[in-house]
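Residues per chain are reported as follows:
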Amino acid sequence: MTAENRRTPGSHRPGRPVDAPPLAVPLLSTGPLGTADVERAEAALLAFHRSDLAHGGGRDRRQLAAYLAREVLPRLRRPGPTAVRLRMYQVAGQLAYLCGFMHIDDHRHEQARRYYATALRLATLGGVPTDRAVVLRGMSVRALALGDGPGALDLAWAATRCAAPAGQRSFLLGQLAVALARNGARHQALRALTSAERFLDRATGPADAAVGVFHQAALLRQEAAVRELLGDLAGAVTALQHSLPHRPPEEVRSYAIVLTDLAVLLERTGHLTEATATWHDALDLSPHLSSARVDRAVTAMRARLRPNAAQPAVHALLERTDHRA
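Treat the numbers as computed from the prediction; the structure is a model and nothing was measured.

**Q** It is not clear to me how the packing of aromatic side chains should be interpreted in this structure. Could you clarify?
**A** Within this structure, the stated rule accounts for three aromatic pairs. Ring geometry for Phe48 against Tyr67: centres 6.0 Å apart, planes inclined by 50 degrees, an arrangement best described as tilted. Of the two residues, Phe48 is situated in helix 2 (residues 35-55) and Tyr67 in helix 3 (residues 57-75); the sequence distance between them amounts to 19 residues. A relative accessible area of 0% places Phe48 in the buried class. Between Phe171 and Phe214, the ring centres sit 5.5 Å apart and the planes meet at 65 degrees, which makes this aromatic pair edge-to-face. Of this pair, Phe171 sits in helix 8 (residues 166-182) while Phe214 is found in the loop between helix 9 (186-202) and helix 10 (216-229), placing the two residues 43 residues apart along the sequence. Residue Phe171 is classed as buried on the basis of its relative accessible area of 7%. In this structure, Arg137 packs its charged tip against the face of Phe171, placed 3.8 Å from the ring centre.

**Q** Looking at this model, I keep getting lost on the pattern of salt bridges. Mind explaining?
**A** Pairing is possible between side chains of opposite charge, provided their charged atoms come close. Within the structure shown, the criterion is met by 19 salt bridges. For Arg87, the salt bridge goes to Glu42, with nearest N and O atoms at 3.4 Å. One end of the pair, Arg87, is in helix 4 (residues 82-105); the other, Glu42, is in helix 2, and 45 residues separate them in sequence. For Glu110, the salt bridge identified is with Arg114, shortest N-O distance 3.7 Å.

**Q** Hey, could you run me through the packing of helix 12 (residues 252-268) against helix 14 (residues 292-305) in this one?
**A** The packing of two helices is summarised by the inter-axis angle and the distance between the axes. Where helix 12 meets helix 14, the axes come as close as 10 Å, and the angle between the chain directions of the two elements is 20 degrees. Considering their axes alone, helix 12 and helix 14 lie roughly parallel with respect to each other. In this structure, the crossing between helix 12 and helix 14 has a hand that is left-handed. Contact residues: helix 12 offers Arg253, Ala256, Ile257, Thr260, Val264 and Glu267, while helix 14 offers Arg293, Val294, Ala297, Met301, Arg304 and Leu305. Of the residues contributing to the contact of helix 12 with helix 14, the split by class is seven nonpolar, one polar and four charged.

**Q** Could you clarify how one ought to interpret helix 9 in this entry?
**A** For the α-helix, the turn length of 3.6 residues means that residues three or four positions removed from each other point alike. Taking 1.5 Å of rise per residue, 17 residues should cover 24 Å, and helix 9 covers 25 Å from first to last C-alpha, within 8% of that figure. Among the residues of helix 9, those classed as buried are Ala189, Ala192, Leu193, Ala196 and Leu200. Down the axis of helix 9, the buried side of the element spans an arc of 100 degrees, and every buried residue falls inside it. Seen from the open side of helix 9, the exposed residues pointing more than 90 degrees away from its buried face are His187, Arg191, Arg198, Asp201 and Arg202. In this structure, the buried residues of helix 9 make contact with helix 8 and helix 10.

**Q** Can you walk me through helix 11 (residues 233-243) in this structure?
**A** Of all the eleven residues making up helix 11, eight are buried; the element is thus mostly covered by neighbouring parts of the structure. Every buried residue of helix 11 is accounted for by Leu233, Gly235, Ala236, Val237, Ala239, Leu240, Gln241 and Ser243. Along its buried surface, helix 11 packs onto helix 10, helix 12 and helix 13 (272-285).

**Q** What should I look at first to understand the nonpolar core in this one?
**A** Nonpolar side chains in soluble globular proteins generally cluster together in the buried interior. Phe48, Leu64, Tyr67, Val72, Met88, Leu95 and Tyr97 are the most contacted members of the largest nonpolar core, which has 65 residues in total. Among the elements that make up this core, the one with the highest residue count is helix 4 (twelve residues). Excluding residues within four positions of it along the chain, Tyr97 makes contact with Tyr116, Ala119, Val134, Val135, Gly138, Phe171 and Val211. Membership of the second largest hydrophobic core comes to 21 residues, among which are Ala224, Ala236, Tyr255 and Val258.

**Q** Help me understand the environment of Leu53 in this model?
**A** Tracing the chain through its elements places Leu53 in helix 2. Sequence separation of Leu53 and Ala210 is 157 residues, and the distance between their C-alpha atoms is 10.0 Å. In contact with Leu53, not counting residues within four places along its chain, are Glu250, Glu251, Val252 and Arg253.

**Q** Would you mind going over empty space enclosed by the protein with me for this structure?
**A** The probe, sized like a water molecule, is rolled over the atoms to show the empty space still left. Taken as a whole and judged by the stated rule, the model has one cavity of 30 Å³ or more. Here the largest cavity defines a volume of roughly 40 Å³. Lining the largest cavity are Gly93, Gln94, Tyr97, Ala119, Ala123, Asp131, Val134, Val135 and Val211. Listed by contribution, the elements that provide at least two residues to the lining of the largest cavity are helix 4, helix 5 (109-126) and helix 6 (129-145). The residue makeup of the lining of the largest cavity, split by class, is six nonpolar, two polar and one charged.

Cut-offs applied
Residues numbered from 1 in each chain as written. Predicted model: local features only at pLDDT ≥ 70, side-chain atom pairs only at ≥ 80, totals over all residues. Heavy atoms only, no water. Phe/Tyr/Trp six-rings, centres within 6.5 Å; stacked < 30°, edge-to-face > 60°. Helix = DSSP H or I, 4+ residues; strand = E, 2+ residues; numbered from the N terminus. Buried < 20%, exposed > 50% of the residue type's maximum accessible area, 1.4 Å probe, protein only. Lys NZ or Arg CZ within 6 Å of the ring centre and 35° of its normal. Salt bridge = Lys/Arg side-chain N within 4 Å of Asp/Glu carboxyl O. Axes fitted to C-alpha atoms, helices over the stretch in contact; angles between N-to-C directions. Parallel < 35°, antiparallel > 145°, perpendicular 65-115°, else oblique. Left-handed = near helix turned anticlockwise from the far one by under 90°. Contact = heavy atoms within 4.5 Å. Nonpolar A, V, L, I, M, F, W, Y, C, P; charged D, E, K, R; others polar. Expected span 1.5 Å × (residues − 1). Arc of directions from axis to C-beta. Core = buried A, V, L, I, M, F, W, Y, C linked by side-chain atoms within 4.5 Å. 1 Å grid on protein atoms, 1.4 Å probe; cavity = no way out; pocket = protein on both sides within 12 Å on 5 of 7 lines; lining within 4 Å. Points joined across faces, edges and corners; volume = space filled by probe spheres on them.

Remember that the coordinates give geometry; whether it matters functionally is a separate question.
As structure tokens, then:
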């Protein structure tokens, strides 16, 4: 990896230790629903979102699940103005979606399925098509992770049928491209990827929202997934390398996962020395992460590289990760 393509977010923001105290999130009122309740729930959503970006889903998923169960969902039964109730449905759905995503990051797919189902129901009640689309896209990503290519494609198509502004449209089309590639639809996948690029160029939405944010680094990661599925490993390596400088510094967990993906592709393309260096970059971030996706990638790497342990670079990498064995 060239120096200009290497920027470790952890060097800018080392992050809160994984064993830090629980997040301080605002509690909701016990009376009728009001605007203040919505604003407190939105503040909690942003706090959990930032924690997930920096530390992975394992750090605060239990606290978010408890916050949903004890604070947010029971309040939806309380009386309040229609406009406030609709806003509360929306933020509750976004919290449920984030909780599902954090469970996926911690490899707890059955719990994630339940939270996504709740998020989809709340998005429908809230009446915001974009929120419904984001949940359907997340369900597609989960289906792919579980090896259900046809199911992932159905969900991705369903997501794209929801109305969405340009930035979210790119977000949806990128996942559609990956699902199409997974199902062998090469030309359709590349067309969807091109469309995603065009919509991203036209995007004008906020870059710091807690749900559905999409940017150049994320699209390049999806391009890499498409190219890998279509057999273009060199193109996938290039896309991931180009994505790294575009990754926002607060996205430590995503940066680490991209590094693990890149290291695997470098292994597969015969660049073992570069792969081990990339693994070390990923491991530099791991002390502040609680992500089963990262942990499992490291465990799989050790199994793959053990036959090459006589090589000095591989030996040093395996020695560094002995405590994970």
